[in-house]
Amino acid sequence: MPSFPILQRSSEEKILYSDRLTLERQKLTVCPIIDGEEHLRLLNFQHNFITRIQNISNLQRLIFLDLYDNQIEEISGLSTLRSLRVLLLGKNRIKKISNLENLKSLDVLDLHGNQISKIENVSHLCDLRVLNLARNLLSHVDNLNGLDSLTELNLRHNQITFVRDVDNLPCLQRLFLSFNNISTFESVCCLADSTSLSDITFDGNPIAQESWYKHTILQNMMQLRQLDMKRITEEERRMASVIAKKEEEKKRESQKQSLLKEKKRLTINNVARKWDLQQHRVTSIAANQDRKDSDSPSQDPCQVDGSTISAFPEETGSLDSALSNALQGLSVTDTHLVEVDGDTLSLYGSGALESLDRNWSVQTAGMVTTVSFTFIEFDEIVQVLPKLKIKFPNSLHLKFKETNLVMLQQFNALAQLRRIDQLTIDPQGNPVVSFTLWKYYVLFRLSHFSMQKINGTEVTQNDMIMAERLFGILAHVASSELPQYRLISILGDARKKQFRYLLETKGKKPGVVSEENNDSKRLVGENTNRATLNYTTRDFYNEKLEEIKEKKKFCKMYIEDLVKEATEINMKNEALQKLWPQMFIELVRDAVIEIRNKSSYMKLCLQQITDQK
Amino acid sequence: MATERAGTWLPEAGKLELGSCCGPRMLSPERLALTDYEYLAQRHVLTYMEDAVCQLLENKEDISQYGIARFFTEYFNSVCQGTHILFREFSFIQATPHNRASFLRAFWRCFRTVGKNGDLLTMKEYHCLLQLLCPDFPLELTQKAARIVLMDDAMDCLMSFSDFLFAFQIQFYYSEFLESVAAIYQDLLSGKNPNTVIVPTSSSGQHRQRPALGEASMLEGVEASLFYQCLENLCDRHKYSCPPPALVKEVLSNVQRLTFYGFLVALSKHHGINQALGALPDKGDLMHDPAMDEELERL
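Bear in mind the structure is a predicted one, so any value in this text is a computation, not a measurement. Residue numbers restart at each chain and count upward from 1, following the sequence in its written direction. Going through the entries in the order they are written, you letter the chains from A and number the ligands from 1. Residues qualify for local features only when their pLDDT is at least 70, as the model is predicted, and side-chain atom pairs are given and counted only at 80 or more; totals for whole chains, interfaces and linings, by contrast, use all residues. Derived side-chain values reflect all non-hydrogen atoms in the structure, with water molecules and hydrogen atoms excluded from consideration.

K.L.:
Hey, could you run me through the pairing of strand β21 (residues 422–425) of chain A in this one?
P.N.:
Residues in a regular strand project their side chains so that they alternate between the two faces of the sheet. Residues and elements named next belong to chain A. Here 4 bridges tie strand β20 (residues 397–401) to β21, and the two strands are oriented parallel to one another. Across the sheet, H397 pairs through a bridge with Q422, a residue of β21. Pairing between strands requires that DSSP locate at least two bridges from one strand to the other. The way it works is that DSSP assigns letters per residue, a run of H or I at least four long becomes a helix, a run of E at least two long becomes a strand, and they are numbered from the N terminus. Inspection of the sheet shows β21 paired to strand β22 (residues 453–454) by 2 bridges, in the parallel sense. Among the inter-strand pairings, L423 is bridged to a residue of β22, identified as I454. The handedness rule is simple: strands pointing away from the viewer, and a clockwise path from the first strand over the helix to the second, make the crossover right-handed. Once you follow β21 into helix α8 (residues 438–445) and on to β22, the crossover reads as right-handed.

Written out as structure tokens, the structure reads:
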């Protein structure tokens, strides 16, 4: 059995310091047996080498026990000290909080500088006011119920990542979390619910480096008076609330944006699906049922930040409603999409073309320089080009994707626009791009636009020369070899007068240049020699041919009649030719016979004269 | 001559004179045997008259401005010059041999530069170019022409301008004739009696052009001389235009046996037939058009 040193004080000391005993820096390695000091109230063992708490069970009056800076590895031997109010065990080697069951009167518990990794076995300490667990190995804080008197909790210099249950501490006023590992407010969100907290520190945590740190803490913990050991001013509080409001709005706004984006994506998918069905001529009943045409587009949501205006033909409820509700609304299929994003007008689906009829504000329409068509038949686009010209006068760049551009002739339709600087034809859904000569044809037909770029590549002088070389003859043939009446009928009413005027002035002497000549040249606006190269959509063309059928039938009959007449006349003529000699002889014979008898002939003539009267 | 009997109107060097016929023919018995209407129809006079009146009706407001006489002058001038088919509908372009020849010539003149540039194009792209001149030109014709060039193989292949043009000429100008030939060829292949009367319908012919290789004899195609006999019969009876039988004989005399597409390719490459048609210049001169160049220079 190991022998303990036995401590005995002189009676003088006992009387002088009857209730307190200091054994500081005594190089003690074990607790000595303290004899005859049962009324001791304060015991100080600071700065020794004690490894176990022993031999103090008899000191049942002990109120204050200081074992700071020893080598204690386990809390033990305190079960009899029911009156203990202050227990100082800082700077030891304690790994676990335990064996404090009977210390119900504990007021201050100091366990700083140990190796404690978990808060436990303290829920019975309902009188505890100060708990110091600084410089331990705590990784999180929970299990704090029962500490109904706790006023100060020191958790500095641990590895805490989250804090829980602090709102179960009804009296907690000061909480020190400096130099831990807290990075988000969510990890300490229970603090917001604690009404008693007035003093908190977060310095040395990652969260304190964030830009939103101060105002988030202040906004969520209105009850605080000090943060990081500094008083919180009214100004700071006000700022915090303002910033918090702004952030809230920003979050709402981005939510709205992502909602819009989602809706847009779904719409485009739906339009794409419909387009595919159309192209492959697959009949789908489901598609027909989903189709919801809306005649009146609902009101556009207001402009936000001047960047995006989105218009949907079917608004499903207010966009401010809860995310889940709005997302449910998105499952309703839209058949087309119109979007204006700064300088680009994007149209998806043929229904979108109707939007060109809408009343666009001059400012919005004037800003649009790029128009993009997707999932719309080119033939349908051709019909709205005049509207585009008027409503969006500054559109200089046209983009076509999945628009069924299949023949070069279709590019002729673009000539009617005022001007195009750039043209982008996406290979997807536009077979015409697979042709070798398509770019040259575009440059040739639309030479009056002086285009800068086609499909992102600059147009060079060589390209223009090549285009003219390849198709120049076509233009020459189309203008000078057509009879005049055909030229005029092809060019249509609008150009009739202009062109006719030009043709008439062709005959004038080259030296004479009249004012009107120049004007009309400007009016025409494009090379007249290729103006006859037009494009009529297949449907219109077939319609026209149908209309002509009637006329053709009539012409056929008319000509037949003419031929009949002509052949009849011809036959009569031939018959006359045949009969004439005979007829002539008979005529002569008749005349001779008549004149044979002079006297009777004279009588006959006189008779005829009198008859005439 | 057999050629004239077949009713082919042979324009010389692109110039055509309406109503021109050699003296002795005026009183030939065949001519007088026809009724007036039939005679006029055979010469396609009625086609042009009807079309002229139709055009007049279509554009009466404009034409009334400068007079009907001038209109008719312009119209028939353009028929002579071969420009009347520009941008017209397909039914008109294929109506008469002269129209077809004019169209071929117009196509050559407009797009010879494409050939000169050396670009090889796909069948679809040539079809596109055709559509620039005739918006409703049918794709089947272009496809058939391409088949001749590519020997019914790999339809996506690129073709040179001259190859395509000459094949297209044969296919377009003699399309009815070729249909009948195809029917004859199929019959010969399957061993039917070649002297029976064959009446080709529109649905027959081109579908069966693909020879049933599995059933064919060890030797490919048909015997040339037998084939020629059938063709000669065909030319005699045919009311559409055919290539001059003498030239066809020439083509067939060079080989023992030949396939259908081999025959067509030989037709398309034969200088004599090209000249007899008169629409296009010789292959060697295909890229040259001094008349057009002169005109362009003047501008």
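K.L.:
I keep staring at the packing of α8(A) against helix α9 (residues 461–480) of chain A and nothing clicks. Help me out?
P.N.:
Angle between the axes and distance between the axes are the two parameters that describe a pair of packed helices. Residue and element names in this part refer to chain A. Axes here refer to lines fitted to C-alpha atoms; in helices the fit is confined to the stretch in contact. Angles between the N-to-C directions go from 0 to 180 degrees. In the contact formed by α8 and α9, the axes pass within 8 Å of each other and the chain directions differ by 75 degrees. Taken together, the axis directions place α8 and α9 in an arrangement best described as roughly perpendicular. Touching Y440, Y441, L443 and F444 of α8 are D463, M464, M466, A467, E468, L470, F471, G472, L474 and A475, all from α9. Each residue is assigned to one of three groups, with Ala, Val, Leu, Ile, Met, Phe, Trp, Tyr, Cys and Pro labelled nonpolar, Asp, Glu, Lys and Arg labelled charged, and all others, Gly among them, labelled polar. Class assignment of the residues belonging to the contact of α8 with α9 gives a composition of 11 nonpolar, 1 polar and 2 charged. Reported orientations rely on four angle classes, namely roughly parallel under 35 degrees, roughly antiparallel over 145, roughly perpendicular from 65 to 115, and oblique for the rest. Contacts are assigned to residue pairs that have any heavy atoms within 4.5 Å of one another.

K.L.:
What is the right way to read the pattern of salt bridges from this model?
P.N.:
Opposite charge on two side chains makes pairing possible when the charged atoms of those side chains draw close. Salt bridges are defined by distance alone: a side-chain nitrogen of Lys or Arg within 4 Å of a carboxyl oxygen of Asp or Glu. The final tally for this structure, using the stated rule, is 22 salt bridges over all chains. When the shortest N-O distance is used, the salt bridge between E481(A) and R109(B) registers 2.9 Å. With one member in each of two chains, E481(A) in the loop between α9 and α10 (484–491) and R109(B) in helix α8 (residues 97–116) form a pair that bridges those chains. Three exposure classes are used, based on accessible area relative to the maximum for each residue type with a 1.4 Å probe and protein chains only: buried under 20%, partly exposed in between, and exposed over 50%. Residue class for E481(A) comes out buried when judged on its relative accessible area of 13%. E89(B) is the partner of K552(A) in a salt bridge, and the nearest nitrogen-oxygen pair spans 3.4 Å. Pair noted here: K552(A) is in helix α13 (residues 538–596) and E89(B) is in the loop between α6 (68–81) and α7 (90–93), and the two residues belong to different chains. Using a relative accessible area of 8% as the deciding quantity, one classes E89(B) as buried. Each member of the salt-bridge network shares a partner with another, and the members are K552(A), D51(B), R88(B) and E89(B).

K.L.:
Help me out: how do you make sense of the packing of aromatic side chains in this one?
P.N.:
The geometry of an aromatic ring pair is captured by the separation of the ring centres together with the interplanar angle, meaning the angle of the planes. Classification of ring pairs uses Phe, Tyr and Trp, with its six-membered ring standing for Trp, and accepts pairs whose centres are within 6.5 Å; under 30 degrees between planes counts as stacked, over 60 as edge-to-face, and the remaining range as tilted. Applying the stated rule across the entire model yields 34 aromatic pairs over all chains. Should the NZ of a Lys or the CZ of an Arg lie within 6 Å of a ring centre and within 35 degrees of the ring normal, that charge is described as sitting over the ring. Directly above the aromatic system of F176(A) lies the positively charged group of R156(A), at a separation of 4.3 Å from the ring centroid. Over the face of the ring belonging to F92(B) we find R88(B), whose NZ or CZ atom lies 4.2 Å from the ring centre.

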